[in-house]
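Understanding the architecture of this molecule
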Amino acid sequence: MARSGPIRILLAKPGLDGHDRGIRLVLRALRDAGMEVIYTGLRTTAEQIVKAAIEEDVEAIGLSSLSGAHETHFVEVSRFLKEENAEDILLFGGGIIPQQDIDSLKKAGFDHLYPPGTPLEQIVADLHHQLRPGEMENDNA
Amino acid sequence: MSAESPPPAEWKDRTWRPFVEGHPERAQEFLTSGGIPVEPMYSTDPASEGAGEYPFTRGIHPSMYRGRLWTMRQYAGYSSPAETNARFRYLLEKGQTGLSVAFDLPTQIGYDSDAPEAMGEVGRVGVPINTVDDLDALLAEIPIDSVSISMTINSTASILLSLLVALARRRGVPASKLRGTFQNDILKEFIARGTQRFPVEPSMRLVVDVIEYCQKEVPAFYPISISGYHIREAGSTAAQEIAFTLADGIAYMEACRDRGLDLVSVGRRLSFFFNSHNQLFEEVSKFRAARRMWARICRDRFGLDDDRACQLRFHSQTGGSTLQAMEPSNNVVRVTIQALAAVLGGTQSLHTNGWDEALSLPSEEAARLALRTQQIIASESGVADCVDPLGGAPFIENMTDAIEQEALSLIHEIDERGGMLKAIRDGYVRRAIEDSAYKSQLDQDSGKTTPIGVTRDGEIPEAPFSVDPAVETQRKEALSTHRAKRDQAEVESHLNHIEAAASGDSNMIPVMVDALEAGCTLGEICTTLSRVFGEFQDHG
């Protein structure tokens, strides 16, 4: 089931939030870890994000929001993914996501939600672990 | 300046005494808790400049907080105009001395609350303001001719200015009585904050329209607050923060010169906005360096021979990115250190963050504690009784020089690249900030700079504050009522005037005021402008 070769990731900022320090750091860390990463820039809609993810044949989508609109936008992305039968694409998110919203986002399909300050290596490791489990074991051997 | 008779004696006679004759200090004399008199300023270097003297390293006024304390200005806004009005009145009642409006993202970018782009964002990070009625509700029972109002608004600053002018007319208040500050700093939106709606050139035109209009009609307003705050939040170093901010300042001065505005008048109404982070002495030195650098830029680059025009006045805010979600009450201590740095650095106004802001917007209790933190520094610590109390310390003077040197070389780099607009366009500024952000994140990840109380598996408490999502529906209903009661033909005709004005080169504010008085909305005006100006597009 798992692919081989470089992991392909799409990073996006849905909605109007302009805080992109976090997502740009993640972008850099994932690229430094050898992943192929597409970042679609500020102010994208859920529909645009899902379309780009399918066209670019990515294995995971990472979303960032620090404006409090994550519930709306993150859930929209997961809904469009379902509509497109692309639920095999992994979802993760980051930003200021209150603890009380995390459960509902996990139910909507988000595997990881990273608060500000999360070590970049943790995000890299989580993606490796889920998308290239075999390679991780090799690394450790 | 002669070296024979050292300040403070000579400085007191030369600068301090003439000033306090016209601006009495808060007390006849200032004493420590043990009764020892406190001089207005101390100095170990007889040749050095004193406070209130060019290039103002030690402070822009001779008596600083001995004359008047800084303005305690807490940034607030959320949900609806009426709810934000209630928070404003609460803060004023607790002794806050100026208002500061946080707008929601749709308002900042130019969308009405019922636009599809606004979905999920209405009232989240600030208050939605689309019409004169909205602004009237936001400022209900607040005297706009005496309370100063700061507005964090950039892309749509021209529209908020127009709304305020329209509201003043409605209330019978002369525009000349309005006091406050518009952020109106579009360049740092492109660099670090991300609410730009139009491309750079038309955006700059609107910035200068606001400055020009205020100069003539709203002279007590500061029409721009050139901001390093967000540059620092995006991850810059202290030296990058002031270098890029002052380089933005240079770009605005050049744009005003190109418009033919009198630069002395412009200079006298410029203000700045800086961040205050945890490293106390680095921050104090940064503020001192920025003051000195800007004074020299005004005199040497722009030939301004006017003290007030060369003075760097600034607002400061404690560093949002330093707040931690784990063990969040520790943030009270961080905020206190940062606030102290801003005061020791000579700020003119200050916002202290709520301890819970890594989790959500601040609760009312956290907002009160943040304000109380400033009041305790002001009234109980004694730091307000002496001007630039750290000045003259070898560490501070050396650090001031070092930050100045680094910032000067960055400004030189920008000059070499053909100025700030070009440096923004070629990606230099963003890249430089991102390099610093990446380095500091890696330092934190490696455990070199882990904040106290933060652990890998530490718990994050629940957010103390949330915005009721019903506000979006209420806003949609209110706007549809508003649209229904207008004269549609009149609205169309005003929007046509705006389109024509945008295509020309006259000041946009008067046509915007007319349009808003006729019931046009912020979103309608921005849609009209985007037909002429185009839209900013981010390609990642």
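These numbers were taken from a predicted model, which means no experiment stands behind them.

The next subject is the overall build of chain A. Helix and strand counts for chain A stand at 6 helices and 5 strands. When its helices and strands are written in sequence order, chain A yields β-α-β-α-β-α-β-α-β-α-α. Compactness check: chain A gives a C-alpha radius of gyration of 14 Å against a globular reference of 14 Å for 141 residues, within 12% of the reference. Dimensions along the principal axes, computed over C-alpha positions, put chain A at roughly 45 × 35 × 25 Å.

Quick look at the confidence of the model for chain B now. Mean pLDDT over chain B stands at 95; residues scoring 70 or higher make up 98%. Below pLDDT 50 for its whole length, residues 1-5 of chain B participates in 9 contacts with residues either more than four positions away or in separate chains.

On to the packing of aromatic side chains. Evaluated as defined, the whole model comprises 16 aromatic pairs over all chains. Each ring, one from A:Phe74 and one from A:Phe110, has its centre 5.2 Å from the other, and the planes form 20°; the classification is stacked. With A:Phe74 in helix α3 (residues 70-83) and A:Phe110 in strand β5 (residues 110-114), this pair connects stretches of sequence that are 36 residues apart. Taking the relative accessible area as the measure of exposure, A:Phe74 reaches 0% and is therefore buried. The buried category is assigned to A:Phe110, whose relative accessible area is 1%. Ring geometry for B:Phe274 versus B:Phe287: centroids 6.4 Å apart, planes at 55°, classification tilted. With B:Phe274 in strand β8 (residues 270-276) and B:Phe287 in helix α11 (residues 280-301), this pair connects stretches of sequence that are 13 residues apart. Of the two residues, B:Phe274 and B:Phe287, neither departs from the other in class, the shared state being buried. Linked through ring pairs, B:Phe272, B:Phe274, B:Phe287, B:Trp294 and B:Phe314 together constitute an aromatic cluster. Its guanidinium or amino end placed over the ring of B:Trp16, B:Lys12 lies 5.2 Å from that ring's centre, counting from NZ or CZ. When the ring centre of B:Tyr54 is taken as reference, the NZ or CZ atom of B:Arg299 above it lies at 3.6 Å.

Residue and element names in this part refer to chain B. Taken as a whole and judged by the stated rule, the model has 57 salt bridges over all chains. Residue glutamate 53 is joined to arginine 14 by a salt bridge in which the shortest nitrogen-to-oxygen separation is 2.7 Å. Of this pair, glutamate 53 sits in the loop between α1 (9-22) and β1 (71-72) while arginine 14 sits in helix α1, placing them 39 residues apart in sequence. Residue glutamate 413 pairs with arginine 417 through a salt bridge whose shortest N-O separation is 2.7 Å.

Low-confidence regions, as indicated by low pLDDT, have predicted coordinates that should not be scrutinised in detail. Overall, the predicted model of chain A reaches an average pLDDT of 92, with 94% of residues at or above 70. Note that pLDDT drops below 50 for residues 137-141 of chain A; the model gives that stretch 0 contacts with residues more than four away or on any other chain.

A separate point is unusual backbone geometry. Residue and element names in this part refer to chain B. Here the amide bond leading from tyrosine 54 into proline 55 is cis, since omega sits at 0°, within 30 degrees of zero. Mapped onto the secondary structure, proline 55 falls in the loop between α1 and β1. Non-glycine residue aspartate 388 carries a positive phi angle of around 45°. Looking at the secondary structure, you find aspartate 388 in the loop between α14 (364-380) and α15 (394-416).

Of the residues lining the interface, 43 residues belong to chain B; the matching set on chain A comes to 33 residues. Taken together, the two surfaces of chain B and chain A that pack against each other cover about 3,100 Å², and 49% of this comes from carbon and sulfur. Where chain B packs against chain A, one counts 5 salt bridges. Between A:Asp20 and B:Arg430 there is a salt bridge, with its nearest N and O atoms 2.7 Å apart. In this assembly, chain B and chain A are joined by 16 residue pairs in polar contact (both at pLDDT 80 or more).

Moving on: the sheet that holds strand β9 (residues 314-318) of chain B. Residues and elements named next belong to chain B. Strand order in the open sheet formed by 5 strands is β1-β10-β9-β8-β7, and the pairing between neighbours is parallel. What marks the edges here is a single partner per strand, and that holds for β1 and β7 (224-227). Of the strand pairs in this sheet, β1 and strand β10 (residues 349-351) are connected by 2 bridges, and their pairing is parallel. Opposite methionine 72, over in β10, you have leucine 350 as the bridge partner.

With respect to the element layout, B:Tyr438 can be found in helix α17 (residues 428-445). In the structure, B:Tyr438 is positioned 203 residues away from B:Gly235 in sequence and 7.9 Å away in space, judged by C-alpha atoms. Within the structure, the side chain of B:Tyr438 is placed 2.7 Å from the side chain of A:Asp32, a separation counted as a polar contact.

Further remarks concern the state of the cysteines. Residue and element names in this part refer to chain B. Taken as a whole and assessed by the stated rule, the structure comprises 0 disulfides over all chains. In this structure cysteine 298 is a free cysteine whose sulfur lies 4.9 Å from that of cysteine 310, the closest cysteine sulfur available. By relative accessible area, which is 0% here, cysteine 298 ends up buried. We classify cysteine 310 as buried; its relative accessible area is 1%.

B:Phe182, B:Phe244, B:Trp294, B:Met420, B:Ile525 and B:Leu529 are the most contacted members of the largest nonpolar core, which has 139 residues in total. Here this core gets 12 residues from one element, more than from any other, and that element is helix α9 (residues 238-259) of chain B. Here B:Trp294 is in contact with B:Leu246, B:Gly249, B:Ile250, B:Met253, B:Leu270, B:Phe272, B:Ala309, B:Cys310, B:Gln311 and B:Leu312, once residues within four sequence places are set aside. Among the nonpolar cores identified, the runner-up in size contains 24 residues, and A:Ile9, A:Leu11, A:Met35 and A:Val37 belong to it.

What follows covers the sheet that holds strand β3 (residues 99-102) of chain B. Residues and elements named next belong to chain B. The 5 strands are arranged β2-β3-β4-β5-β6 in an open sheet whose pairing can be described as parallel. Where the open sheet ends on each side, the last strands, each with one partner, are β2 (75-76) and β6 (221-222). Two elements, strand β5 (residues 180-182) and β6, share 2 bridges in a ladder whose sense is parallel. Counterpart to threonine 181 in the pairing with β6 is tyrosine 222. Sheet contacts for helix α5 (residues 157-171): β4 (149-152), β5 and β6; angle to β5, the most-contacted strand, approximately 150°.

Let us now look at α3(A). All names here are of chain A. Counted at 1.5 Å a residue, the expected span for α3 with its 14 residues is 20 Å, and the 20 Å between its end C-alpha atoms agrees. Listed in full, the buried residues belonging to α3 are His70, His73, Phe74, Glu76, Val77, Ser78, Phe80 and Leu81. Two residues or fewer past α3, asparagine 85 is found with a positive phi of approximately 50°.

Residues and elements named next belong to chain B. As a packed pair, helix α7 (residues 200-217) and α9 sit with axes 10 Å apart at the nearest point and diverge in direction by 70°. Comparing their axes, α9 and α7 come out roughly perpendicular. Here Met204, Arg205, Val207, Val208, Asp209, Ile211 and Glu212 of α7 come into contact with α9, specifically with Ala251, Tyr252, Ala255, Cys256 and Arg259. Looking at side-chain class alone, the contact of α7 with α9 contains 8 nonpolar, no polar and 4 charged residues.

Parameters at a glance
Residues numbered from 1 in each chain as written. Chains lettered and ligands numbered in written order. Predicted model: local features only at pLDDT ≥ 70, side-chain atom pairs only at ≥ 80, totals over all residues. Heavy atoms only, no water. Helix = DSSP H or I, 4+ residues; strand = E, 2+ residues; numbered from the N terminus. Rg over C-alpha atoms; globule rule 2.2 N^0.38 Å. pLDDT = per-residue confidence, 0-100. Contact = heavy atoms within 4.5 Å. Phe/Tyr/Trp six-rings, centres within 6.5 Å; stacked < 30°, edge-to-face > 60°. Buried < 20%, exposed > 50% of the residue type's maximum accessible area, 1.4 Å probe, protein only. Lys NZ or Arg CZ within 6 Å of the ring centre and 35° of its normal. Salt bridge = Lys/Arg side-chain N within 4 Å of Asp/Glu carboxyl O. Buried area = accessible area lost by both parts, 1.4 Å probe. Polar contact = N/O pair within 3.5 Å; in protein donor to acceptor, adjacent residues only side chain to side chain. Pairing = 2+ DSSP bridges. Disulfide = S-S within 2.5 Å. Core = buried A, V, L, I, M, F, W, Y, C linked by side-chain atoms within 4.5 Å. Axes fitted to C-alpha atoms, helices over the stretch in contact; angles between N-to-C directions. Expected span 1.5 Å × (residues − 1). Parallel < 35°, antiparallel > 145°, perpendicular 65-115°, else oblique. Nonpolar A, V, L, I, M, F, W, Y, C, P; charged D, E, K, R; others polar.

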